[in-house]
Amino acid sequence: MPLDAKRTPDTRFDNLPGYDYAPHYVDDLPGYEGLRVHYVDEGPQDAVRTYLCLHGEPSWAYLYRKMIPVFLDSGARVIAPDWLGFGRSDKPVDDTVYTFNFHRNMMLELIKRLDLKNVTLVCQDWGGLLGLTIPMDMPDTFERLIVMNTAIATGQSPGAGFDQWKAYVRNQPDMDVAALMKRGTPILSDAEAAAYGAPFPDATYKAGVRTFPELVMVAPGMEGVDISKRAALWWTNDWSGDSFMAVGAQDPVLGPPQMEQLRKTIRNCPEPMIVADGGHFVQEWGEPVARAALQSFGEL
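Residues numbered from 1 in each chain as written. Predicted model: local features only at pLDDT ≥ 70, side-chain atom pairs only at ≥ 80, totals over all residues. Heavy atoms only, no water.

(A) Fine view of the packing of helix α4 (residues 160-170) against helix α7 (residues 207-215). Two elements in contact, α4 and α7, have axes whose closest approach is 9 Å; the angle formed by their N-to-C orientations is 145°. In this structure, α4 crosses over α7, and the sense of that crossing is left-handed. Residue-level contacts link F162, W165, K166, V169 and R170 of α4 to V209, R210, P213 and E214 of α7. Residue composition of the contact of α4 with α7, grouped by class: five nonpolar, no polar and four charged. (Axes fitted to C-alpha atoms, helices over the stretch in contact; angles between N-to-C directions. Helix = DSSP H or I, 4+ residues; strand = E, 2+ residues; numbered from the N terminus. Left-handed = near helix turned anticlockwise from the far one by under 90°. Contact = heavy atoms within 4.5 Å. Nonpolar A, V, L, I, M, F, W, Y, C, P; charged D, E, K, R; others polar.)

(B) Expanded view of the environment of P186. Tracing the backbone shows P186 in the loop between α5 (177-184) and α6 (190-197). Given the relative accessible area of 60%, P186 is considered exposed. Separated by 58 residues in the primary sequence, P186 and F244 place their C-alpha atoms 25 Å from one another. (Buried < 20%, exposed > 50% of the residue type's maximum accessible area, 1.4 Å probe, protein only.)

(C) Seen up close, the environment of A292. Topologically, A292 is positioned in helix α10 (residues 286-296). As a C-alpha pair, A292 and T50 span 242 residues in sequence and 17 Å in three-dimensional space. Not counting the four nearest positions on each side in its chain, A292 is found in contact with F244 and M273.

(D) Seen up close, the sheet that holds strand β4 (residues 50-54). Taken together, eight strands build an open sheet; the order of strands is β2-β3-β5-β4-β7-β8-β9-β10 and the sheet is mixed. Each end of this open sheet is capped by a strand with a single partner; those strands are β2 (23-26) and β10 (273-275). Within the sheet, the average angular offset between the axes of one strand and its neighbour, ignoring direction, is 20°. One ladder, built from six bridges, connects strand β7 (residues 119-124) with strand β8 (residues 142-148); its direction is parallel. By the bridge assignment for β8, V119 is matched with F142. Relative to strand β9 (residues 242-248), helix α9 (residues 256-265) is tilted by about 170°, and along the sheet it contacts β8 and β9. Running over the sheet, α10 touches β4, β8, β9 and β10 and is turned about 155° from β9. (Pairing = 2+ DSSP bridges.)

The following block contains the structure:
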């Protein structure tokens, strides 16, 4: 029986500042039949390289609007999906639907469906919590990594900043996403902040927003811990691709200390680019980050 899900009206995505990418959809992924998943798909289908850009909470593909043009200028293909519950993807209304494996398995199926090759994983926040567990199961698909303000969660809280964030979300079942993004990223215009709120007309669309903080693996027995521990070992021992790390220094949850811990986990990961003014959503400073990443990979 299909899951009860909401679909944000397309009109809410009209005239978004700095973002004019055509939507692409798939609604028959194995195990997710009837749920429409949205993704940006720009650049040549036969490009040598593909950038897979994974957002976190409570953002969506709009987050990557400043990085996508840099990747496209290099001749690459760019895929930027929305997790179910976010952006232009469908939003199951039952909070209990949202689990680590629900999201991870969807992304595995989407990568297979799109037959992605020579992928650079670009990830931040939940894009990393989930995305960093995927390459070990598809090692021939991924060749490079651009990682920003995220973690591999193996059963401990990342710190007091996260605990406070989790408590805040728990008390905001109808969170004002636009206002949250504006507070965390003061450089946003009101229209840009509103674009982050566009997917969520009311509280019934916000199950994903409510549940993602609760899913972060802060205790040893939580779903995703075993997969994440295996992923951490894989990044340390088996990863052979090039990596680039950028860190928003103003992030109170996943800032420089947490990212240094992650850097030590990723084999041969160089010293990070520190974005001094950057917050958690460091992609909002994304153009210089993307250029620095390509330069480090020898493409600029």
